[in-house]
Amino acid sequence: MSRPPLVLASASPRRLELLARIGATPDRVLPADIDETPRKAELPRALAGRLAVAKAEAVAAQCPDCLVLAADTVVGVGRRILNKPADAAEAAKFLALLSGRRHRVTTGLCLIRPDGKRSKREVVTILGFQRLTAAQIEDYVASGEWQGAAGGYQIQKRAESFVRFLSGSHSNVVGLPLFETAQLLRGAGWLTP
């Protein structure tokens, strides 16, 4: 029996690159158009899980004979959610908040099979940033790397030099935890061995 087409329900080029690292090339990329606004009092981990499921369901409805993989990454400081900054000023504010403290990056994963069976995971990585100087924040914001990045930074670029502590999956912080993603795809019989 042939395996179903794999659809990545994400517009993120980083997720495509990460999937390639484990030998998984989606047959199609079909970003989900959903409302990503957090609900009142919703915590970061719950938001990541809910959005991953919502994205997977939206795309599975359009492609019922496919294996649909969706992910959503949320940066949280305590109960506070740091989305993608709207502008340079907000990016600087986020970096100042992350400076000298620990935060969590959670990626929700959802895989929906053609038979409707779904598998979900929420993967949490804890990071600690060094205390950032005003000049470091200004320089990083000027680089533009904060654009389109949850929490206002990209660990796979210059911001990695700010990380003094990391517990968990590095690829999770980039946007797709590879161990858990590979496990889900293997469990569905799509990725072997």
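Residue numbering note: each chain is counted from 1, following its sequence as written. Only residues with pLDDT of at least 70 get local features here, since the model is predicted, and only at 80 or more are side-chain atom pairs given and counted; chain-wide, interface and lining totals rely on the full set of residues. By convention in this description, side-chain values take in all heavy atoms of the structure and omit both hydrogens and water.

**As for the packing of helix α3 (residues 88-98) against helix α4 (residues 134-143)**
- Only the stretch in contact is used when fitting a helix axis, every axis being a line fitted to C-alpha atoms; angles between N-to-C directions are given from 0 to 180 degrees. Secondary structure elements follow DSSP: runs of H or I no shorter than four residues count as helices, runs of E no shorter than two count as strands, and numbering proceeds from the N terminus. At their nearest, the axes of α3 and α4 sit 10 Å apart, and the two run at 140° to each other. It follows from the interaxial angle that α3 and α4 lie oblique. Where α3 crosses over α4, the handedness of that crossing is right-handed. Contacts between α3 and α4 involve A88, A91, A92, L95 and A96 from the first element and I137, Y140 and V141 from the second.
- In the contact of α3 with α4, the residues fall into eight nonpolar, no polar and no charged. In this scheme, roughly parallel covers angles under 35 degrees and roughly antiparallel covers those over 145, while 65 to 115 is roughly perpendicular and the rest are oblique. Take the far helix as your reference; a near helix turned counterclockwise from it by less than a right angle gives a left-handed crossing, and one turned clockwise gives a right-handed crossing. Two residues form a contact once any of their heavy atoms are found within 4.5 Å. The nonpolar class holds Ala, Val, Leu, Ile, Met, Phe, Trp, Tyr, Cys and Pro. Asp, Glu, Lys and Arg form the charged class, and all remaining residues, Gly among them, are polar.

**Remarks on unusual backbone geometry**
- Of note, A41 is a non-glycine position whose phi angle comes to about 65°, a positive value.
- Looking at where A41 falls in the secondary structure, it is placed in the loop between β2 (28-29) and α2 (44-62).
- A residue is classified by how much of its surface remains accessible, and A41, at 63% relative accessible area, is exposed. Throughout, exposure labels follow a simple rule: accessible area from a 1.4 Å probe, protein chains only, divided by the maximum for the residue type, with under 20% read as buried, over 50% as exposed, and the rest as partly exposed.

**Remarks on the environment of E36**
- Structurally, E36 can be placed in the loop between β2 and α2.
- Looking at E36, the relative accessible area reads 38%, which means it is partly exposed.
- Linking E36 and K55, residues 19 residues apart in sequence, is a C-alpha distance of 9.6 Å.
- In contact with E36, other than residues within four places in its own chain, are L47, L51, K55 and D72.

**Description of the side chain of K55**
- Mapped onto the elements of the fold, K55 is located in helix α2.
- Overall, the relative accessible area of 8% leaves K55 in the buried class.
- Polar contact is defined as a pair of N or O atoms within 3.5 Å, subject to the rule that within protein one atom must be able to donate a hydrogen and the other to accept it, and that residues adjacent in sequence are counted only when both atoms are side-chain atoms. Looking at K55, its side chain comes within polar contact range of the main-chain oxygen of A71, at 3.3 Å.

**Section: helix α1 (residues 13-21)**
- Where α1 is concerned, the buried positions are R15, L18 and L19. Seen end-on, α1 carries its buried residues on one side only, within an arc spanning 100°. Every exposed residue of α1 that faces more than 90 degrees away from the buried side is listed here: E17 and R21.
- Residues of α1 that are buried make contact with β1 (6-8), β3 (67-77), α5 (170-174) and α6 (178-187).
- Where α1 begins, the capping side chain belongs to S12, and its oxygen is found 3.2 Å from the backbone nitrogen of R14. Directions from the helix axis toward the C-beta atoms define the arc.

That is the geometry; function is a separate question.
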